[in-house]
Amino acid sequence: MSSNAQYYWAVIGGKEPGVYWDCPHISCGRPSLPLPFAIQCVSFDEAKHVLRMLQRIVSPLQSQPSHQQLLAAFDNTSVRGLLDDDAGFHSVVIGAPPGIHRTSQSARTAEGSFQYLKTRYTQLFWEALTFLIVKGISERMPPLLTAGEIDSDSLQTPSDAMTSIDELGDMLQTLSIASSSPSLTSSSSLTPSSPHCLSSPPSTSQVNVSPLIYSHVRNLRGIISSNYYRMPTSWVKEVVQPLGALAAQYLVSHGYGTSNVATIIQTYRRTPNNDQFVLDLARGGMAIAEARFLLVLIARYNR
């Protein structure tokens, strides 16, 4: 985004919705009402477009709808994809002004000297908007991804991870994996009429549109909670780098936090041999099979 961009504010709801050069005063924090809210825009035309799109949804609602009513009204493809910005969005719940900011500098200025900050940075406009509407209360955040919205493009592996994924595939080919499942009986064998499939795929009309889990949160003993929306992981990625790219991808994607990653790193550095590393992690709660696999990933980096 150009540093010379001229910013405007689209204020949605309240007594005086409109486009403003300087954002008017809006109450902030958990006790504040869902409306009005403000969105920083990179041009006057964009601000008018945002105002027109969102205000026409808000106007038919009661003067102060609940956050559930507001989220339900906004939950459509037009609003979800209303804005797209490579720089991302900063949702500021406690600040002056509260709202969706387009630059980190604007967000920091809004945070000012507030003692208790409530902000979120995300690449998704819809996530920033929902976070603002629910006042940053995680329990109120709606699922941001459903099965009905997933297509083949959204499941593509990021290009910057392909090298590590290919490397992992090569590594797994060298492992001897014995199946422990019982042999197939005649009732489960493939029939001549369908040599390559066991059953017909479900019809499009039967696709499950229930919320999907975006990521789990784990400690060494297992899953402790789940996220239905994308959470930042940059700080975990920084901490886990000493274990190598493959181990880092594994631990981050499986939801291990910084404290558990630090425990794993410390255990790896202080144990005299591989068996002791696996044993110490197992004593901390990690499954032996998982600890052994993690060791393979780490060893791949250090060989």
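All values reported here derive from a predicted model rather than from experimental measurement. (Residues numbered from 1 in each chain as written. Predicted model: local features only at pLDDT ≥ 70, side-chain atom pairs only at ≥ 80, totals over all residues. Heavy atoms only, no water.)

(A) Focus on the packing of aromatic side chains. In total, this model carries six aromatic pairs according to the counting rule given. Judged by centre distance (6.1 Å) and plane angle (85 degrees), the rings of F37 and F74 are edge-to-face. A residue pair is termed long-range when its members are at least 10 positions apart, and F37 in strand 3 (residues 37–41) and F74 in helix 2 (residues 67–74) qualify at 37 residues. The pair F37 / F74 is uniform in exposure class, with both members buried. Ring centres 5.7 Å apart and planes at 65 degrees place the aromatic pair F89 and F125 in the edge-to-face group. One end of the pair, F89, is in strand 4 (residues 89–94); the other, F125, is in helix 5 (residues 125–133), with 36 residues separating them in the sequence. What makes F89 buried here is its relative accessible area of 0%. Through successive ring pairs, a cluster of aromatic residues spans Y8, W21 and F44. (Phe/Tyr/Trp six-rings, centres within 6.5 Å; stacked < 30°, edge-to-face > 60°. Helix = DSSP H or I, 4+ residues; strand = E, 2+ residues; numbered from the N terminus. Buried < 20%, exposed > 50% of the residue type's maximum accessible area, 1.4 Å probe, protein only.)

(B) Representation of the side chain of E46 in the model. In this structure, E46 sits in helix 1 (residues 44–58). When near neighbours in sequence (up to four residues on either side) are disregarded, E46 contacts Q40, C41, L83 and R102. (Contact = heavy atoms within 4.5 Å.)

(C) Quick peek at unusual backbone geometry. Residue P36 follows L35 across a cis peptide bond; omega there is 0 degrees. Along the chain, P36 falls in the loop between strand 2 (18–20) and strand 3. Here the amide bond leading from A96 into P97 is cis, since omega sits at 0 degrees, within 30 degrees of zero. Assignment of secondary structure puts P97 in the loop between strand 4 and strand 5 (99–101).

(D) A look at the packing of helix 2 against helix 5. With their axes 10 Å apart at the nearest point, helix 2 and helix 5 run at an angle of 160 degrees to one another. Accordingly, the angle class assigned to the pair helix 2 and helix 5 is roughly antiparallel. Note on packing geometry: the crossing formed by helix 2 with helix 5 is right-handed. Across from H67, L70, L71 and F74 in helix 2, the residues of helix 5 making contact are W126, L129, T130 and I133. Along the lines of polarity and charge, the residues of the contact of helix 2 with helix 5 split into six nonpolar, two polar and no charged. (Axes fitted to C-alpha atoms, helices over the stretch in contact; angles between N-to-C directions. Parallel < 35°, antiparallel > 145°, perpendicular 65-115°, else oblique. Left-handed = near helix turned anticlockwise from the far one by under 90°. Nonpolar A, V, L, I, M, F, W, Y, C, P; charged D, E, K, R; others polar.)

(E) Representation of the pairing of strand 7 (residues 215–219) in the model. Looking at chain direction, strand 7 and strand 8 (residues 222–227) are connected through five bridges and run antiparallel. Within strand 8, the position partnered with V217 by the bridge is S225. As consecutive antiparallel partners, strand 7 and strand 8 are separated by two residues. (Pairing = 2+ DSSP bridges.)

(F) Structural view of empty space enclosed by the protein. This model, assessed by the stated rule, comprises one cavity of 30 Å³ or more. Looking at the largest cavity, its volume works out to about 80 Å³. Lining of the largest cavity is provided by 13 residues; of these, P36, F37, P98, L132 and K135 occupy positions nearest its centre. Tallied by class, the residues present in the lining of the largest cavity amount to 10 nonpolar, two polar and one charged. (1 Å grid on protein atoms, 1.4 Å probe; cavity = no way out; pocket = protein on both sides within 12 Å on 5 of 7 lines; lining within 4 Å. Points joined across faces, edges and corners; volume = space filled by probe spheres on them.)

(G) View of the packing of helix 9 (residues 258–270) against helix 10 (residues 274–283). Direction vectors running N to C along helix 9 and helix 10 enclose 145 degrees, while the axes themselves pass 9 Å from each other. Crossing of helix 9 against helix 10: the hand is right-handed. Residues I264, T267, Y268 and R270 of helix 9 form the contact with helix 10, whose own contacting residues are F277, D280 and L281. Partitioning the contact of helix 9 with helix 10 into residue classes produces four nonpolar, one polar and two charged.

(H) Looking closely at the confidence of the model for the chain. Averaged over every residue, the pLDDT of the chain is 80; the share at 70 or more is 76%. For the stretch residues 146–163, pLDDT sits under 50, and the model shows 20 contacts to residues farther than four places along the chain or on other chains. Per-residue pLDDT stays below 50 along residues 175–209; that stretch engages in 11 contacts with residues further than four places along the chain or on separate chains. (pLDDT = per-residue confidence, 0-100.)

(I) The nonpolar core, seen in detail. Of all hydrophobic cores here, the largest spans 34 residues; its most connected members are F37, I39, L54, F74 and L129. Elements that contribute at least two residues to this core include exactly strand 1 (8–12), strand 3, helix 1, helix 2, strand 4 and helix 5. Not counting chain neighbours up to four residues away, the residues in contact with L129 comprise F37, F74, V79 and I100. Residues V252, Y256, L281 and L297 belong to the second largest nonpolar core, which totals 23 residues. (Core = buried A, V, L, I, M, F, W, Y, C linked by side-chain atoms within 4.5 Å.)

(J) Local environment of the pattern of salt bridges. Throughout the structure, instances matching the rule amount to six salt bridges. With a shortest N-O distance of 3.8 Å, D45 and K48 are connected by a salt bridge. Of the two residues, D45 and K48 both sit in helix 1, three residues apart, roughly one turn of that helix. For D45, a relative accessible area of 55% corresponds to the exposed category. R283 serves as the salt-bridge partner of D280, at 3.7 Å between the closest nitrogen and oxygen. With D280 and R283 both in helix 10, this residue pair falls three residues apart, about one helical turn. On the basis of relative accessible area, D280 is assigned to the buried category, the value being 19%. A relative accessible area of 59% means that R283 is categorised as exposed. Residues joined by salt bridges that share partners form a network here, namely E46, D85 and R102. (Salt bridge = Lys/Arg side-chain N within 4 Å of Asp/Glu carboxyl O.)

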